[in-house]
Number of protein chains: 2
Amino acid sequence: MAQKPSIPKGTRDFSPAEVAKRNYIIETIRHQFEVFGFQPIETPSFENLETLMGKYGDEGDRLIFKILNSGDYLNKVEPEVYAQKDSAGLTPQISEKALRYDLTVPFARYVVMHQHEIDLPFKRYQIQPVWRADRPQKGRFREFYQCDADVVGPGSLLQEVELLQLYDSVFSDLGLNGVCIKLNHRKILSGIAEVIGAGDKLIPFTVALDKLDKIGQEGVMREMSAAGIGQAAIEKAMPLFSMAKDKQNSLDVLSEFLKDSIVGKQGIEDLKFIAETIRTLELNSTSLEIDVSLARGLNYYTGAIFEVSAPEGVNMGSIGGGGRYDDLTGIFGLKDLSGVGISFGLDRIYLVLEELGLFPETVEESVQVLFVNFGEKEALAALPLIRKMRGEGIKTDLYPADAKLQKQFKYANNRNIPYVVLLGKDELEQKVIVVKDMANGSQNTYAWKDLQQFISTL
Amino acid sequence: MAQKPSIPKGTRDFSPAEVAKRNYIIETIRHQFEVFGFQPIETPSFENLETLMGKYGDEGDRLIFKILNSGDYLNKVEPEVYAQKDSAGLTPQISEKALRYDLTVPFARYVVMHQHEIDLPFKRYQIQPVWRADRPQKGRFREFYQCDADVVGPGSLLQEVELLQLYDSVFSDLGLNGVCIKLNHRKILSGIAEVIGAGDKLIPFTVALDKLDKIGQEGVMREMSAAGIGQAAIEKAMPLFSMAKDKQNSLDVLSEFLKDSIVGKQGIEDLKFIAETIRTLELNSTSLEIDVSLARGLNYYTGAIFEVSAPEGVNMGSIGGGGRYDDLTGIFGLKDLSGVGISFGLDRIYLVLEELGLFPETVEESVQVLFVNFGEKEALAALPLIRKMRGEGIKTDLYPADAKLQKQFKYANNRNIPYVVLLGKDELEQKVIVVKDMANGSQNTYAWKDLQQFISTL
């Protein structure tokens, strides 16, 4: 009995047109990664279970896809454990491997394992799929690509500057104007919490502030209050709310606000340097904006924080993000190695380009020239011409069967093939080809020996 | 306590140099796939377990990596099944998904699921990793890439011709001369078994014949005898053994040998057409050879069979293979769809190119120009120049920290960077850069405003 096939929920097949568009984005990102001096690495799709477990919090541990051991895997399970019939208890006894959950932990593992082959600072990029057993929903998949660039080793604020330029170069190459990079600093958030007297409430404070766009000033104040932040502290924080509206002078307002916080002033100085240097160098397609409500993985980042928003009018969450972190590799025994990195959200960038019609027209053009198949004799005569065109790198095809002309033209249309070549009985006798331009219907005749003339028009 | 990290056996980390070389091969293959009119698809890394099980024989079923269900997966296990503590019985109750084992079954599933979006004949290529729980050994990994091109739909021998040209184009682009494509035909093997009176012993007959290179004529005869093939039949097959040595006239010898077998003569005619057409079109770097001992997945292929050997003197198994098959999609309910396809063995091609020193020197050159970092002031002056060079697509980097000159030069050497730019205190004053050619040690000075002059030398 034949199976009616399906694919696992949260996964996707990609059609030729989709692969072409995804590769267009990936190759654009890869090109700029390399132009900026980043080097690619690749890590295995699955890691040892203990490499991944405990690195992403309890929810992460649950969302990691575990791989069942091969062979008679129950043989090694302790009878007491088996008797309990407890999933969480049994898992480590029947599964030793798990699918990659992100690119950061495997990168940390890579750096530690290969520390003697790597020259620090190490600028690496990695473009590979990751897997999460998340509930699938619109725009959230169980298999998706991450595109990360990080520098680890001796730090310098010039690395932050360079990563912002890298964002700008990629979005410029993609023709995506109006992207906004929001910038904040972990030390500014600490400074604020310190100044208002809520230093012990840093996390609930920033979590609440982060919602300013969604729930407004009143909502944020209510949430802070509910989190146990005192009324006096909340009132002290008031200038931040209005600052979030007037983003032009953010750094001046903040400098004044944080003038008594040492840590806060360090954050301000970093952002000033970054913003000043970027202003001198100029960005092409993107703009930079200080956003004091940006929190982003607070227990991970330790310095500057970035988040990239799609152009105004496009309803999409962030399309990228990153920041500076300390101690990437400490979990694997290599201390004091800090870094800074950014990530591109491939799936969301795809949706934005699609919505704005920014994919180049030629991206889906898989074949440039199709030779109609008039039967074996004509097809055999076409082969040397096709060979020559392919030899010049022109994507050329012979319709692979001797089908009705109408069917072959329909195929050419469906595949957006710009030129169709006719080599039938008459053309065979005269040793010519007739080239039909599918866009305007015009026809040109070329002698076989003048094929190069046709090639040069492409 | 920090973990000492490791990776699962049979998997690999790829360093920047390795990724660069692998991508060089993959992009060469991809380019020719597209020039020949093949379109890319991608399928999910994991499929539903029932999509894969039963498609690769019993051994295949064992070697498929299964993914443990998420959450409280034991909750759904029937108590009677659990009580038996039998791995094989428990697996389907705790695992619904499995990692891709090859690209052919997912392709068949894709064609059936998307049959109404696809124009037949459908020329697809797919370059993705697959996973097998095989015992790891030299050159055999648990995660490796497959690079497949197939045409499904109405068949034509011109497709075989085209696939042979495709092999030739890829190996030519890789600079790998002397590759031999061995050619056989399932119908020729059937004809031989018929003619010698061993039609019911086709599989053991070809399995034994396949070993001619390794165990010699005597060994093959012994093995055939052990498989129950009669002495008379074996003696009738004698001409094949000598034919295997004299490969020039294989088709003539075979024609004579198979003159009374209808099926055998069909096979001969197909190979004659393919060989003749290829002779007219000419191959660049590869040669074609009829090899009657080539068996290759006999219960799968139904027409022409290909296998690609590395150039003589390189000790390596086949670096590619393929053939024509019927009924690719029947298992998923779409009958009578035949096809023909080839595959490239990425890992082995890598080893061959490495052994013969055929990777281009520039393949590992990740950065073309490195600016030495003399401190913040000089680095800031370098940034606009670096920005301009990157804007022209030149892979340019600033050493990311203000380290000792010797260390920065060592880094440039280790990374094979051909040009190092000096912009220190003096150069800053004079608004110039000094470019050092790392190959010959020569130095050139350019004014900042003449940066384009330097760029044009690259």
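Within an unreviewed UniProt entry, the label attached to chain A reads Histidine--tRNA ligase, and the organism entered is Muriicola marianensis. Per UniProt, chain A has the following entry under Subunit (unreviewed entry): "Homodimer." Word for word, the UniProt comment on chain A under Subcellular location (unreviewed entry) is "Cytoplasm".

Asker: Explain the overall build of chain A to me, please; I cannot follow it from the model alone.
Answerer: A count of helices and strands for chain A gives 19 helices and 16 strands. Residue burial in chain A is summarised as follows: out of 458 residues, 57% are buried. Pairs at least 24 apart in sequence give 69% of the contacts found in chain A among residues at least 6 apart. Just so you have it, chain A exposes about 19,700 Å², and 47% of that area is on carbon and sulfur atoms. Mean positive and mean negative side-chain charge positions of chain A (52 and 64 charges, respectively) differ by 5 Å.

Asker: How should the domain arrangement of chain A be read in this particular structure?
Answerer: When the parts come together, some accessible area is lost, and that loss is often what is quoted as the size of the interface. Each assigned domain of chain A is listed here: domain 1 (16-64 + 101-356) and domain 2 (365-455). Put simply, the middle of domain 1 of chain A and the middle of domain 2 of chain A, counted by C-alpha atoms, are 51 Å apart.

Asker: Looking at this structure, I do not really get the sheet that holds strand 15 (residues 432-437) of chain A. What am I missing?
Answerer: To summarise the sheet geometry, strands pair through backbone hydrogen bonds and adopt either a parallel or an antiparallel arrangement. Residues and elements named next belong to chain A. Pairing is mixed across the open sheet formed by five strands, whose spatial order is 13-12-14-15-16. Of all strands in the sheet, those bounded by a partner on one side alone are strand 13 (396-398) and strand 16 (443-447). Averaged over neighbouring strand pairs, the angle between their axes works out to 25 degrees when direction is ignored. Here four bridges tie strand 14 (residues 419-422) to strand 15, and the two strands are oriented antiparallel to one another. Of the residues in strand 15, the one forming a bridge with leucine 422 is valine 434.

Asker: How should I be thinking about the packing of aromatic side chains in this particular structure?
Answerer: Remark: the centre distance and the inter-plane angle together describe each pair of aromatic rings, the angle taken between the planes. Throughout the structure, instances matching the rule amount to 29 aromatic pairs over all chains. Judged by centre distance (5.8 Å) and plane angle (50 degrees), the ring pair of Phe171(B) and Phe344(B) falls under tilted. Of this pair, Phe171(B) sits in helix 7 (residues 157-173) while Phe344(B) sits in strand 11 (residues 339-344), and the two are 173 residues apart along the sequence. The residues Phe171(B) and Phe344(B) share a single accessibility class, namely buried. Pairwise contacts between aromatic rings join Phe33(A), Phe38(A), Tyr125(A), Tyr167(A), Phe171(A) and Phe344(A) into one cluster.

Asker: Is there a simple way to explain the relation of the copies chain B and chain A in this structure?
Answerer: Taken together, a rotation about one axis and a shift along it account for how the two chain copies relate. Mapping chain B onto chain A calls for a screw motion: a turn of 180 degrees about the axis and a shift of 0.0 Å along it, with 0.1 Å RMSD after fitting. Expressed as a symmetry operation, the mapping of one chain copy onto the other fits a two-fold axis. Across chain B, the smallest distance between a C-alpha and the rotation axis is recorded for Ile67(B), namely 2.2 Å. When the interface residues of chain B are mapped onto chain A, 100% of them again lie at the interface, so the same face is used by both copies.

Asker: Explanation requested: the layout of surface pockets in the structure shown.
Answerer: It is the rolling of a water-molecule-sized probe over the atoms that shows where space remains empty. All names here are of chain A. Estimated volume of the second largest pocket: approximately 1,800 Å³. Contributing to the lining of the second largest pocket are 50 residues, with Arg132, Phe144, Gln146, Arg296 and Ser343 lying nearest its centre. Contributing elements (two or more residues each) for the lining of the second largest pocket: helix 3 (57-63), helix 6 (104-113), strand 6 (143-152), strand 10 (318-325), strand 11 (339-344) and helix 15 (346-356). Considering only residue class, the lining of the second largest pocket consists of 19 nonpolar, 16 polar and 15 charged.

Asker: Looking at this structure, I do not really get helix 15 (residues 346-356) of chain B. What am I missing?
Answerer: Three- or four-residue spacings in an α-helix give side chains the same orientation, since the helix completes a turn every 3.6 residues. Residues and elements named next belong to chain B. The complete set of buried residues in helix 15 reads Leu346, Asp347, Ile349, Tyr350, Val352 and Leu353. Where helix 15 is buried, its residues contact helix 1 (16-35), strand 6 (143-152), helix 7, strand 10 (318-325) and strand 11. Trailing helix 15 by a residue or two, glycine 357 shows a phi angle of about 65 degrees, which is positive.

Asker: Would you explain the interface of chain B and chain A in this entry?
Answerer: Across the contact, 105 residues belong to chain B and 105 residues belong to chain A. Carbon and sulfur atoms supply 57% of the area buried between chain B and chain A, which totals about 9,200 Å² over both sides. Along the contact surface separating chain B from chain A lie eight salt bridges. The partner of Glu162(B) in a salt bridge is Arg390(A), with the nearest N and O atoms 2.7 Å apart. Summed over the shared surface of chain B and chain A, the number is 40 residue pairs in polar contact (both at pLDDT 80 or more).

Asker: Would you take a moment to explain the pattern of salt bridges for this structure?
Answerer: It is possible for side chains of opposite charge to pair when their charged atoms get near one another. As enumerated under the stated definition, the model contains 41 salt bridges over all chains in all. Of the charged contacts, one joins Glu364(B) and Lys21(B) as a salt bridge, the two residues approaching to 3.6 Å between their closest N and O atoms. Of the two residues, Glu364(B) is situated in the loop between helix 15 and strand 12 (369-371) and Lys21(B) in helix 1; the sequence distance between them amounts to 343 residues. The exposure class of Glu364(B) is partly exposed, given its relative accessible area of 33%. Residue classification places Lys21(B) among the buried positions, given a relative accessible area of 9%. Taken together, the shared-partner salt bridges connect Lys123(A), Glu162(A), Arg390(B) and Asp397(B) into one network.

Asker: Can you walk me through the sheet that holds strand 1 (residues 39-40) of chain A in this structure?
Answerer: Residues and elements named next belong to chain A. Strand order in this open sheet of eight strands is 1-5-6-11-10-9-7-8, and the pairing throughout is mixed. Each edge of the open sheet carries a strand with a single partner, namely strand 1 and strand 8 (286-290). Where strand 7 (residues 179-185) meets strand 8, five bridges bridge the pair, whose relative direction is parallel. Along strand 8, the bridge assignment pairs lysine 182 with glutamate 289. Sheet strands touched by helix 8 (residues 186-195): strand 7 and strand 9 (301-309). Its angle to strand 7, the strand with the most contacts, is close to 55 degrees. Against the sheet, helix 14 (residues 262-281) makes contact with strand 7, strand 8 and strand 9, and its axis sits at roughly 150 degrees relative to strand 7, the strand it touches most.

Asker: It is not clear to me how the confidence of the model for chain A should be interpreted in this structure. Could you clarify?
Answerer: Confidence along chain A averages 92 in pLDDT terms, with 98% of residues attaining 70 or more. Scored as a complex, the prediction yields pTM 0.93 and ipTM 0.93.

Asker: Teacher, can you tell me more about the environment of Gln368(A) here?
Answerer: Residue and element names in this part refer to chain A. With respect to the helices and strands, the residue glutamine 368 is situated in the loop between helix 15 and strand 12 (369-371). Sequence-wise, glutamine 368 and isoleucine 417 are 49 residues apart; in three dimensions their C-alpha atoms are separated by 5.5 Å. Glutamine 368 has contacts with Gly393, Ile394, Lys395, Ile417, Pro418 and Tyr419, leaving out every residue within four places of it along the chain.

Asker: Just checking my understanding: could you explain the packing of helix 7 (residues 157-173) of chain A against helix 14 of chain A for this structure?
Answerer: A pair of packed helices is captured by two measures, namely the crossing angle of their axes and the spacing between those axes. All names here are of chain A. Running from N to C, helix 7 and helix 14 point in directions that differ by 45 degrees, and their axes come no closer than 10 Å. For the element pair helix 7 / helix 14, the angle class is oblique. Crossing handedness for the pair helix 7 and helix 14: right-handed. Residues Leu157, Leu158, Glu160, Val161, Leu164 and Gln165 of helix 7 form the contact with helix 14, whose participating residues are Asp270, Phe273, Ile274, Thr277, Ile278 and Leu281. Here the contact of helix 7 with helix 14 is composed, by residue class, of eight nonpolar, two polar and two charged.

Asker: Whenever I open this one, the side chain of Arg12(A) confuses me. Can you help?
Answerer: Within the secondary structure, Arg12(A) sits in the segment before helix 1 (16-35). Residue Arg12(A) is classed as buried on the basis of its relative accessible area, which comes to 17%. Only 3.2 Å separates the side chain of Arg12(A) from the backbone oxygen of Glu143(A), close enough to count as a polar contact. A polar contact is formed between the side chain of Arg12(A) and the side chain of Asp347(A), at a distance of 2.8 Å. Excluding anything up to four places from it in sequence, Arg12(A) contacts Ile7(A), Arg22(A), Phe141(A), Glu143(A), Phe144(A), Asp347(A), Glu42(B), Thr43(B) and Pro44(B).

About the cut-offs
- Residues numbered from 1 in each chain as written.
- Chains lettered and ligands numbered in written order.
- Predicted model: local features only at pLDDT ≥ 70, side-chain atom pairs only at ≥ 80, totals over all residues.
- Heavy atoms only, no water.
- UniProt positions renumbered as here; feature names shortened; annotations may be inferred.
- Helix = DSSP H or I, 4+ residues; strand = E, 2+ residues; numbered from the N terminus.
- Buried < 20%, exposed > 50% of the residue type's maximum accessible area, 1.4 Å probe, protein only.
- Contact = heavy atoms within 4.5 Å.
- Areas by Shrake-Rupley, 256 points an atom, 1.4 Å probe, with all protein chains shown as cover.
- Lys, Arg positive; Asp, Glu negative; His and termini not counted.
- Charge placed at Lys NZ, Arg CZ, Asp CG, Glu CD.
- Domains from an automatic or database assignment.
- Pairing = 2+ DSSP bridges.
- Axes fitted to C-alpha atoms, helices over the stretch in contact; angles between N-to-C directions.
- Phe/Tyr/Trp six-rings, centres within 6.5 Å; stacked < 30°, edge-to-face > 60°.
- Least-squares fit on C-alpha atoms with pLDDT ≥ 70 in both.
- 1 Å grid on protein atoms, 1.4 Å probe; cavity = no way out; pocket = protein on both sides within 12 Å on 5 of 7 lines; lining within 4 Å.
- Points joined across faces, edges and corners; volume = space filled by probe spheres on them.
- Nonpolar A, V, L, I, M, F, W, Y, C, P; charged D, E, K, R; others polar.
- Buried area = accessible area lost by both parts, 1.4 Å probe.
- Salt bridge = Lys/Arg side-chain N within 4 Å of Asp/Glu carboxyl O.
- Polar contact = N/O pair within 3.5 Å; in protein donor to acceptor, adjacent residues only side chain to side chain.
- pLDDT = per-residue confidence, 0-100.
- Parallel < 35°, antiparallel > 145°, perpendicular 65-115°, else oblique.
- Left-handed = near helix turned anticlockwise from the far one by under 90°.

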